[in-house]
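Examination of the molecular architecture
Residue-level listing of the chains:
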Amino acid sequence: MNHFDYRDGEFYCEGVRLADIAETVGTPVYVYSSATLERHYDVFKNAFAPREVLVAFAVKANANLAVLATLARKGAGADTVSAGEIERALRAGVPASRIIFSGVGKTEDELAFAVGAGVHQINVESIAELETLSRCAAALGAKPAIAIRVNPDVGAGGHEKISTGKGDAKFGVSIDQALALYRRAHADPHLAAKGLAVHIGSQIKDLAPLEAAFGVLRGMAERLRGDGVSIERLDLGGGLGVPYFHEPDPPSPAEYAAMVLRVFDGFDVSLAFEPGRMIAGNAGVLLARVIRLQERPGRPILVLDAGMNDLIRPAIYDAYHDIKPLKQAQSAPPKAYDVVGPICETGDTFTRNRSLPELRPGDLVAFLTAGAYGAVMASTYNARALAPEVLVRGDRYEIVRRRWTLEDQLALERTPDWLERT
Ligand code: LLP
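Residues numbered from 1 in each chain as written. Predicted model: local features only at pLDDT ≥ 70, side-chain atom pairs only at ≥ 80, totals over all residues. Heavy atoms only, no water.

1. Remarks on the overall build of the protein chain
Worth spelling out the cut-off: Only runs of H or I of at least four residues qualify as helices and only runs of E of at least two qualify as strands under DSSP, and these elements are numbered from the N terminus. It is over C-alpha atoms that the radius of gyration is taken, and the globule rule equals 2.2 Å times the number of residues to the power 0.38. What makes two residues a contact is simply this: any of their non-hydrogen atoms within 4.5 Å. Reported accessibility uses the Shrake-Rupley method at a 1.4 Å probe radius. Residues are deemed covered only where the shown protein chains occlude them. Counted charges follow a simple rule, with Lys and Arg positive, Asp and Glu negative, and His plus the chain ends left uncounted. To locate a charge, take atom NZ for lysine, CZ for arginine, CG for aspartate or CD for glutamate.
Helix and strand counts for the protein chain come out as 12 helices and 20 strands. Computed over the C-alpha atoms, the radius of gyration of the protein chain is 23 Å, within 12% of the 22 Å expected from 2.2 N^0.38 for a compact globule of 422 residues. Structurally, the protein chain occupies a C-alpha span of about 70 × 65 × 40 Å along its principal axes. Of the contacts formed within the protein chain by residues at least 6 apart in sequence, a portion of 68% connects residues at least 24 apart. Just so you have it, the protein chain exposes about 18,200 Å², and 50% of that area is on carbon and sulfur atoms. For the protein chain, the distance from the average site of its 47 positive side-chain charges to the average site of its 53 negative ones is 1 Å.

Right, dumping it as structure tokens:
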């Protein structure tokens, strides 16, 4: 459930008419709902009650400071994949004791930064990384808590580009290597070996592969304990899919949690999760305005002022985003449109042959499910400004990232002396 709906024919986010934001802040603009973020966090966290679990929001899904602060105030942790994301989480008020540092390409500087910050856990993805981390920890006189990321050779995820758990993916190490690595970390005086981690993909709509991966992790932990090697934590990653409103609903957090509790029934271990999309996806929309209606034989093309630089998911994953007019259609029958952005690429096509209420130049629309992997993946391609972000709370709203102007972009660039005009 989310807090975006029509009221008296106008599309609202909580108590705010979205057209007001579009008129005042301009389009394209991302809008997030505090109540939805909080609700999704609660639904996920409470689904495991009374088992206490760490819910570390995957910052990569939405790294806006105000979004992170909203979740931090609920007690959320953060799953991070760069020093930048750790810094963002800390500045938003997530305590280091709830920050997980994952990722296949952590640099030595980033590892040192994470160790210095005292994060909850570093998820190690290879033997080379383990060695570097051990060296860093020794130099800093620290003993960071680590987990080994296992690649359980289970495929899952809505699209091949977001599946991470197959044996040939670049993430994690095989089951045997992970066991060996864990034992090695356990014996390392500079590392505190705490657990195993797994993340097999994103937008997962079937619990079976997740259950298989979690079963693998439990089996591994049992083997280690059987050999007298202590293991306290299991990090089960993120990946639970969300409804994009054109396909059957994915499993609910309650069904997901029931499966997890079944797999780990009677097994005393701390569980952590790294949900991103499930918390932020349906907590955000992207508002855009119709610039032009291009009539042509066949279907008309709706040209919007938002492009693939603002929301790249349709271009790279063929992702579906529901499109709603901010003014609810009256009785006119829907029409089929191709919906495109202004970027000079054929890929800048949000959808083809989509049946929508009739739209005219100047009309406003919302792309739904844009709160995760939306603004964070935006670029300035075609010298376009990064869209601003707005956070709604009740009947108030605040611009939580202003529009990135051309001046902001140009300020970073410099013309070398030899090109200066005399
Ligand atoms: N943990 C790890 C280690 C991850 O790699 C990811 C996502 C997550 C957690 C969060 O997964 P989620 O709960 O959001 O599914 N840009 C793509 C999604 C890429 C996901 C990458 N990893 C998209 O727009 O669909």
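2. Examining the site of the ligand
The cut-off we apply is this: We define proximity as follows: a residue is near a molecule or strand when any one of its heavy atoms falls within 4 Å of that partner. Definition of a polar contact: a pair of N or O atoms within 3.5 Å, with one able to donate and the other able to accept a hydrogen when the atoms are protein atoms, and with sequence-neighbouring residues admitted only if both atoms are side-chain atoms. Amino acids are sorted into nonpolar (Ala, Val, Leu, Ile, Met, Phe, Trp, Tyr, Cys and Pro), charged (Asp, Glu, Lys and Arg) and polar (every other residue, Gly among them).
Around the ligand there are 18 residues in total, and Ser202, Glu274, Arg277, Arg313 and Tyr373 lie nearest to it. At a separation of 2.8 Å, an oxygen atom of the ligand approaches a polar backbone atom of glycine 239. A distance of 2.8 Å is found between an oxygen atom of the ligand and a backbone nitrogen or oxygen belonging to arginine 277. Coverage of the ligand by the protein chains reaches 91% of its 590 Å² of free accessible surface. By residue class, the composition of the shell around the ligand is 6 nonpolar, 6 polar and 6 charged.

3. Comments concerning the domain arrangement of the protein chain
Spelled out, the test is: What fixes the domain bounds is an automatic or database domain assignment. Values labelled buried area give the accessible surface lost by two parts on being combined, using a 1.4 Å probe and summing over both. Between Lys or Arg on one side and Asp or Glu on the other, a salt bridge is scored when a side-chain nitrogen of the former is within 4 Å of a carboxyl oxygen of the latter.
Partitioning the protein chain into domains gives domain 1 (4–31 + 281–410) and domain 2 (103–273). Here the C-alpha centre of domain 2 lies 36 Å away from the C-alpha centre of domain 1. A combined buried area of about 870 Å² lies between domain 1 and domain 2, and 60% of that area is made up of carbon and sulfur atoms. Where domain 1 packs against domain 2, one counts 0 salt bridges. Connecting domain 1 to domain 2 are 2 residue pairs in polar contact (both at pLDDT 80 or more).

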